[in-house]
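In case you want the letters, here they are:
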Amino acid sequence: MSVLIEHYAGAFPTWLAPVQAVVIPIADRHLDYAYEVKKTLLATSLPGAQSLRIEIDEARESMQKKIRNAQMQKIPYMLVIGDKEAENGTVAVRRRSGGDLGTLPVSELAERLKTEVLTRSDLA
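The rules behind these values
Residues numbered from 1 in each chain as written. Predicted model: local features only at pLDDT ≥ 70, side-chain atom pairs only at ≥ 80, totals over all residues. Heavy atoms only, no water. Helix = DSSP H or I, 4+ residues; strand = E, 2+ residues; numbered from the N terminus. Polar contact = N/O pair within 3.5 Å; in protein donor to acceptor, adjacent residues only side chain to side chain. Contact = heavy atoms within 4.5 Å. Pairing = 2+ DSSP bridges. Axes fitted to C-alpha atoms, helices over the stretch in contact; angles between N-to-C directions. Parallel < 35°, antiparallel > 145°, perpendicular 65-115°, else oblique. Left-handed = near helix turned anticlockwise from the far one by under 90°. Phe/Tyr/Trp six-rings, centres within 6.5 Å; stacked < 30°, edge-to-face > 60°. Buried < 20%, exposed > 50% of the residue type's maximum accessible area, 1.4 Å probe, protein only. Lys NZ or Arg CZ within 6 Å of the ring centre and 35° of its normal. Expected span 1.5 Å × (residues − 1).

A. Seen up close, the side chain of Arg95. Examined against the element boundaries, Arg95 turns out to sit in strand β4 (residues 90–95). Polar contacts involving the side chain of Arg95 include one to the side chain of Tyr77, which spans 2.7 Å. With near-sequence residues (within four places) excluded, Arg95 lies in contact with Thr14, Pro76, Tyr77, Met78, Leu101, Glu116, Asp122 and Leu123.

Right under this line is the structure:
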């Protein structure tokens, strides 16, 4: 395990990361939708008893602080949720490297994560 930690410098690829994505609600009123997103992502079928590893950041901090914390923890995906995303059934997706993937439907994001886990390769 120490060889993997050293090789990846703690920034594990999505398939190996302890937490693959963190859902970041902008305000408390977005928490219900955040749990809905998590439930949808956890329902994504993977081989065996395996499921995606998703967390929700419920801290009472600014969105920028939550994103910074996720980057420091080297979580591959940050899913930001606001009013627009909750209305449209989407999530604003950011990569830990700072890359913004834009707004994606939850089902499309689930397929992306599933593909990365099954192929054991990060998609650009």
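On we go.
B. How the structure looks around the pairing of strand β5 (residues 100–105). Where β4 and β5 come together, five bridges link them in antiparallel fashion. Residue Thr90 lies in a different strand from β5, and its bridge partner there is Pro105. Between β4 and β5, which pair antiparallel and follow one another directly, the connecting turn spans four residues, one of which, Gly98, has a positive phi of 95 degrees.

C. Structural view of the packing of helix α2 (residues 31–42) against helix α5 (residues 106–119). Two numbers describe how α2 lies on α5: the axes approach to 10 Å, and their chain directions differ by 45 degrees. Taken together, the axes of α2 and α5 are oblique relative to one another. Considering the relative orientation of α2 and α5, their crossing is right-handed. Residues Tyr33, Val37, Thr40 and Leu41 of α2 lie in contact with α5, whose contacting residues are Val106, Leu109, Ala110 and Leu113.

D. A look at the packing of aromatic side chains. The tally for this structure, following the rule as stated, stands at one aromatic pair. Judged by centre distance (6.1 Å) and plane angle (65 degrees), the ring pair of Tyr8 and Phe12 falls under edge-to-face. Among the residues examined, Tyr8 registers a relative accessible area of 27% and is labelled partly exposed. A relative accessible area of 10% places Phe12 in the buried class. Sitting over the face of the ring of Tyr77, Arg95 holds its NZ or CZ atom 4.7 Å from the ring centroid.

E. Fine view of α2. For α2, which comprises 12 residues, the first-to-last C-alpha distance of 16 Å matches the rise-based estimate of 16 Å (1.5 Å per residue) to within 8%. Those residues of α2 hidden inside the fold are in contact with β1 (21–25), β2 (54–56), β3 (77–81), α4 (83–88), β4 and α5.

F. Summary view of the sheet that holds β1. Taken together, five strands build an open sheet; the order of strands is β2-β1-β3-β4-β5 and the sheet is mixed. Every other strand in the sheet has two partners, leaving β2 and β5 as the edge strands with one partner each. Geometrically, the sheet is characterised by an average inter-axis angle of 25 degrees between neighbouring strands, direction not taken into account. Sheet analysis places β1 next to β2, joined by three bridges and oriented parallel. Bridge pairing in β2 places Val22 opposite Glu55. Sheet contacts for α2: β1, β2, β3 and β4; angle to β2, the most-contacted strand, approximately 175 degrees.

By themselves these figures say nothing about function.
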